[in-house]
Amino acid sequence: MSRVMDAPFVEDALGHRRRSSRTTRHAVRSHLHVAAWDEEALDEAVLPVVPHDVGRKASPKPRRAPEPPRRGGFKVWKTAFWKRRRRLWAERNAAARAIAEEP
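Residues numbered from 1 in each chain as written. Predicted model: local features only at pLDDT ≥ 70, side-chain atom pairs only at ≥ 80, totals over all residues. Heavy atoms only, no water.

I would appreciate a short explanation of the packing of aromatic side chains in the present structure.
Note on aromatic pairs: each is described by the distance of the centres and the angle between the planes. Summed over all chains, the structure comprises two aromatic pairs. Seen in terms of ring centroids, Phe 81 and Trp 82 are 5.1 Å apart; in terms of plane orientation they differ by 85 degrees. Their pairing is edge-to-face. Under the relative-accessibility criterion, Phe 81 is labelled partly exposed at 36%. With a centroid separation of 6.1 Å and an interplanar angle of 55 degrees, the aromatic rings of Trp 82 and Trp 89 are classed as tilted. The class of Trp 89 is partly exposed, set by a relative accessible area of 34%. (Phe/Tyr/Trp six-rings, centres within 6.5 Å; stacked < 30°, edge-to-face > 60°. Buried < 20%, exposed > 50% of the residue type's maximum accessible area, 1.4 Å probe, protein only.)

How should I be thinking about the pattern of salt bridges in this particular structure?
Should the charged atoms of two oppositely charged side chains come close, the side chains can pair. Per the stated rule, a full pass over the model turns up one salt bridge. The partner of Glu 91 in a salt bridge is Arg 87, and the shortest N-O contact between them spans 3.6 Å. Highlighted residues: Glu 91 and Arg 87, both in helix α4 (residues 80–101), separated by four residues, approximately one helical turn. Given the relative accessible area of 48%, Arg 87 is considered partly exposed. (Salt bridge = Lys/Arg side-chain N within 4 Å of Asp/Glu carboxyl O. Helix = DSSP H or I, 4+ residues; strand = E, 2+ residues; numbered from the N terminus.)

Could you clarify how one ought to interpret a negative patch on the surface in this entry?
On the surface, Asp 38, Glu 39, Glu 40 and Glu 44 cluster together into a patch of negative charge. Within the secondary structure, Glu 44 sits in the loop between α3 (39–43) and α4. (Patch = residues over 30% accessible without salt bridge, like charges linked within 9 Å, V, L, I, M, F, W, Y side chains within 5 Å. Areas by Shrake-Rupley, 256 points an atom, 1.4 Å probe, with all protein chains shown as cover. Lys, Arg positive; Asp, Glu negative; His and termini not counted. Charge placed at Lys NZ, Arg CZ, Asp CG, Glu CD.)

When you look at a positive patch on the surface in this model, what are you seeing that I'm missing?
A grouping of Arg 64, Arg 70, Lys 75, Lys 78 and Lys 83 is seen on the molecular surface, where their side chains present a positively charged patch. Note that Arg 70 resides in the loop between α3 and α4. Judged by its relative accessible area of 63%, Arg 70 falls in the exposed class.

Please explain the confidence of the model for the protein chain as it appears in this structure.
Low pLDDT marks regions whose predicted coordinates should not be analysed in detail. Per-residue pLDDT for the protein chain averages 76, and the proportion of residues at 70 or more is 72%. Across the protein chain, α4 holds the top mean pLDDT of 92, while helix α1 (residues 3–6) sits lowest at 58. (pLDDT = per-residue confidence, 0-100.)

In structure tokens, the structure reads:
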């Protein structure tokens, strides 16, 4: 007996959700395919109800953390307002340095 067989089987939630929704999707499609030939059966069709979505839409991926030297969020210093403001600050600082350097 190997260690793999000794360990209890742990099923991940994501894999279970994928498998069960795929199984349900297949059952619904085959049920509708068979019912498509008979209009009365199509009107009376009761599709299986499962806790998962029958479609393929998945949740969006969670936002990942920014790399260490980078900041998260919107880069406000790249907007036109801050570019103008920085230019004004640079001109003011240059004028202050020019006044301080005058004899």
